[in-house]
Structure formats: structure tokens, C-alpha cells
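Residue-level listing of the chains:
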Amino acid sequence: MATIIGTLKALLSASSDDFVSSLGDAEQAVAGLSGKFNAAGTAMTAGVTAPLAVLAGGLAATVKKSLEQADALTRMSQVSGLSTTRLQELQFIADQTSTDLQTLTNGSALLAKNLCEQGAGTGAVAKAMQGLGLHVRDSSGALRDQGTLFLETVTALANVQNKTEQAALAQQLFGRSGKELLPVLAEGSRGIAALQQRAHDLGAVMSTETVAALEKTGDQMAEVKTAFAGAGNQISTAFLPILTDSLIPFLTETAIPAIQAMAAVLKDVMSWFANL
């Protein structure tokens, strides 16, 4: 009988050990599977959030750049008398011909100035333009749009085959900027027209409405920034009496002396312990 009971105990003990061992294996398997799921989840989260963060940052930078560009275009348009559309076209032409926009806008301004000073339609500059087949005034007798007149003049000059004559006319029409415009003239009339169209095809030219909308948005954001700064000033002003009448006196008259007194007590206590 004792032998049978001993055998049963041994069997039960072995089964119990196997059961516990099986439970341990199952627990390890579940833990391993859970770890894999967590790792996969982390990887998926990083794979989604990282590109989104980059996208958001890039979008914010693009919007900021567009706002700044619209503001610069608006200001330059006001100074130069050229439309924002014409300025963007000229910017692309300048970039493609290793010139700079300032050279082109200076040339346009000098042409308009010369026409006004000499009398549009009667002065030497106007006669030179007529020799190029250009009309300074429209059908109503008004001076034509500055940007259109400038681009048509540059295009007509580009068609002049004699380079010496071309350089002389450029100097007469555009002053000192005439020589700097020669790389643009080298493109020829078709090349200049192609560059102008290419700027539109590439989306490098924002519409007048878009520039105006961006300019307005930039102004509104500047107002919001100013409003936040103003709110901060108001909060500081409201908090100032509390700071000067309550907080600073409390710190100087109560808190700091109390800390100094506590430090002195601690110093005495430490000296006492050191002398034991």
C-alpha cells in the first residue's frame, strides 16, 4: 500500500512539475509575442509619425517662403511700377541668363524715366523705339504699360542682328543697364518668349490674386503676432503690482532671511556633531 501511495505521489509531483514547466513556457511565449507586437507597433508608429512630422515641417517652411515672396513682390511692384506677374517672369528670365532681377527692373525704370523726360513719342528714346517697330502710346494716346513696354523693347532689341548697333541701342534706351542686359538679348526674341512661358509652365508665376491673398495673410499673421506680444505686455502690467508689492517684499523680508537663519542653525548643528 505504501508503495502504491509513493508511486502516486511521484506521478503527481512529476505531473505538477510538468504543468508548472508548461505554464512557464507558455508565459515566455506570450511575453515574446507581446514584445514582438510592441516592437512592430513602435516601428509602425515611427514609420507613420516621422514622415508626417517631416511633411508638416516642410509644409510650414513652404508656406513661410510663399508669404515672404509675396511680401517682397508686392513691395518691389510698388517701387518698380511693374506688376507682380511681370516681376516673376523677369526673375525667371534673369535666373536662366545669369543676370539679376535688379538689372532688369533698373532697365525698366530707366526706360520709363527717359520716355517721360524726353516726351513720349517725340524724344530720341521714343524715336529709337519707333525704329524698332514699337509704339510708345496706345490707341487712346496714353503711355503703354511699363512692364509690357520693357519686355517688348528687350524682345525687339534681341532681333537686331548687328551686335554693335544692338549694344548702342541698349545703352541709349536703358542707360548703364543696357550693357548688363546683353546676356538676355543673346537669347533672341523666341528664347525670351520661351523663357517667359516656361516660368508659367513650371508654376513659378503666382497669379495677382494669389500674391494679394498671401500678402493679406502675411499681414494678418503679423497682426496676430503683435496681438500676442500685446497680451503678454498686459499680463506683465497686471502682474507687476503683485510682484513689486507682495512677492519681492516676501522674498527679501521673509523667505531669504528664513533660509539664511536655517543655514546658520544647520552650520551650528554640523559643528556640534563634528565635535562629538
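Just so it is clear, the model here is predicted, and its values are computed rather than measured.

(A) Just the confidence of the model for the protein chain, in detail. When the pLDDT values of the protein chain are averaged, the result is 80; 78% of them are 70 or greater. The spread of mean pLDDT over the elements of the protein chain runs between helix 1 (residues 2-80), the lowest at 63, and helix 2 (residues 84-96), the highest at 94. In this model residues 1-16 is a low-confidence stretch, pLDDT under 50, and it forms zero contacts with partners more than four residues away in sequence or in other chains.

(B) A look at helix 4 (residues 124-131). Within helix 4 the residues assigned to the buried category are Val 125, Ala 126, Ala 128 and Met 129. Across the axial projection of helix 4, the buried residues extend over an arc of 160°, all falling on one side. Residues of helix 4 that are exposed and point more than 90 degrees away from the buried face comprise Lys 127 and Gly 131. Directly beyond the C-terminal end of helix 4, a positive phi value near 85° is found at Gly 133.

(C) Focus on the packing of aromatic side chains. Evaluated as defined, the whole model comprises one aromatic pair. Relative to Phe 174, the ring of Phe 150 has its centre 5.5 Å away and its plane inclined at 75°; by these criteria the two rings are edge-to-face. Note that Phe 150 is positioned in helix 5 (residues 146-158) and Phe 174 in helix 6 (residues 163-174), a separation of 24 residues in sequence. By the burial criterion, Phe 150 is buried, and Phe 174 matches it.

(D) Region of the structure containing a nonpolar patch on the surface. A surface patch of nonpolar side chains, about 520 Å² in accessible area, is lined by Phe 239, Ile 242, Leu 247, Phe 250, Leu 251 and Ile 256. Along the polypeptide, Ile 242 turns up in helix 10 (residues 208-274).

(E) Representation of helix 2 in the model. Along its 13 residues, helix 2 runs 19 Å from first to last C-alpha, staying within 8% of the 18 Å computed at 1.5 Å per residue. Taken together, the buried positions of helix 2 are occupied by Thr 84, Arg 86, Leu 87, Gln 88, Glu 89, Leu 90, Phe 92, Ile 93 and Ala 94. Two residues or fewer after helix 2 comes Ser 98, characterised by a positive phi angle close to 55°.

(F) Spatial organisation of the pattern of salt bridges. Scanning the entire structure with this criterion turns up four salt bridges. Note that Asp 71 is salt-bridged to Arg 75, the shortest N-O span being 3.0 Å. Residue Asp 71 and its partner Arg 75 are both found in helix 1; the two are separated by four residues, about one turn of the helix. For Glu 152, the salt bridge is made with Arg 144, and the minimal N-O distance between the two is 2.8 Å. Judged by relative accessible area, which is 29%, Glu 152 ranks as partly exposed.

(G) Representation of the layout of surface pockets in the model. Roughly 200 Å³ of volume is contained in the largest pocket. Around the largest pocket, the lining residues are Lys 64, Leu 67, Glu 68, Asp 71, Leu 214, Glu 215, Gly 218, Asp 219 and Met 221. Ranked by residues supplied to the lining of the largest pocket, first place goes to helix 10 with five residues. Of the residues assigned to the lining of the largest pocket, the class counts are three nonpolar, one polar and five charged.

(H) Focus on unusual backbone geometry. At Ser 98, a position not held by glycine, the phi torsion is positive, near 55°. Here Ser 98 shows up in the loop between helix 2 and helix 3 (101-118).

(I) Here's a closer look at the packing of helix 5 against helix 6. Relative orientation of the contacting elements helix 5 and helix 6 amounts to 165°, with a least axis distance of 10 Å. With respect to helix 6, the axis of helix 5 lies roughly antiparallel. Here the hand of the crossing between helix 5 and helix 6 comes out right-handed. Contacts from Phe 150, Thr 153, Val 154, Leu 157 and Ala 158 of helix 5 reach helix 6 at Gln 166, Leu 169, Ala 170, Leu 173 and Phe 174.

(J) Quick peek at the nonpolar core. Core analysis: the largest hydrophobic core is formed by 42 residues, its most contacted members being Leu 90, Leu 115, Met 129, Leu 132, Leu 157, Leu 173 and Phe 174. Ignoring sequence-local partners within four residues, the contact set of Leu 90 consists of Leu 82, Leu 101, Leu 104, Phe 150 and Leu 151.

(K) Representation of the environment of Ala 204 in the model. Along the polypeptide, Ala 204 turns up in the loop between helix 9 (188-201) and helix 10. Note: C-alpha distance between Ala 204 and Thr 85 (119 residues apart in sequence) is 9.8 Å. Apart from residues lying up to four places away in sequence, Ala 204 is in contact with Gln 88 and Ala 199.

Calculation notes
- Positions within a chain are numbered from 1, following the residues in the order the chain's sequence is written.
- Reporting of local features is limited, given that this is a predicted model, to residues whose pLDDT is at least 70; pairs of side-chain atoms are given and counted only at 80 or more, and all residues count toward the totals for whole chains, interfaces and linings.
- Each side-chain value is derived from all of the structure's non-hydrogen atoms; neither hydrogens nor water enter the calculation.
- Values of pLDDT, the confidence the predictor places in each residue, fall between 0 and 100.
- A helix here means a DSSP run of H or I that spans at least four residues, while a strand means a run of E at least two residues long, and both kinds are numbered starting from the N terminus.
- Here a residue-residue contact requires only that any non-hydrogen atoms of the pair lie within 4.5 Å.
- Relative accessibility thresholds used throughout: buried, under 20% of the residue-type maximum; exposed, over 50%; partly exposed, between the two (1.4 Å probe, protein chains only).
- Here, the arc refers to the directions that run from the helix axis to the C-beta atoms.
- Two aromatic rings, drawn from Phe, Tyr or Trp (for Trp, its six-membered ring), form a pair once their centres lie within 6.5 Å of each other, and the interplanar angle then sorts them: stacked below 30 degrees, edge-to-face above 60, tilted otherwise.
- Any residue with relative accessible area above 30% and no salt bridge may belong to a patch, with like charges joined within 9 Å and the nonpolar Val, Leu, Ile, Met, Phe, Trp and Tyr side chains within 5 Å.
- Reported accessibility uses the Shrake-Rupley method at a 1.4 Å probe radius. Residues are deemed covered only where the shown protein chains occlude them.
- A side-chain nitrogen of Lys or Arg and a carboxyl oxygen of Asp or Glu constitute a salt bridge if their distance falls within 4 Å.
- Any helix carries an expected span of 1.5 Å times its number of residues minus one.
- Method remark: on a 1 Å grid restricted to protein atoms, a set of points is classed as a cavity if a 1.4 Å probe fits but cannot get out and as a pocket if it is open with protein on both sides within 12 Å along at least five of seven lines; lining residues have an atom within 4 Å of a point.
- Grid points are joined across faces, edges and corners, and a volume is the space filled by probe spheres set on the points.
- Gly falls in the polar group here, along with every residue not listed as nonpolar (Ala, Val, Leu, Ile, Met, Phe, Trp, Tyr, Cys, Pro) or charged (Asp, Glu, Lys, Arg).
- The angle between two axes is taken between their N-to-C directions and runs from 0 to 180 degrees, where each axis is a line fitted to C-alpha atoms and a helix contributes only its stretch in contact.
- What sets the label is the angle itself: under 35 degrees gives roughly parallel, over 145 gives roughly antiparallel, 65 to 115 gives roughly perpendicular, and the rest give oblique.
- Working rule for handedness: look at the near helix, and if it is turned counterclockwise from the far one by less than a right angle, call the crossing left-handed; if clockwise, right-handed.
- Definition of nonpolar core: a set of buried residues of the types Ala, Val, Leu, Ile, Met, Phe, Trp, Tyr and Cys, connected through side-chain atoms within 4.5 Å.

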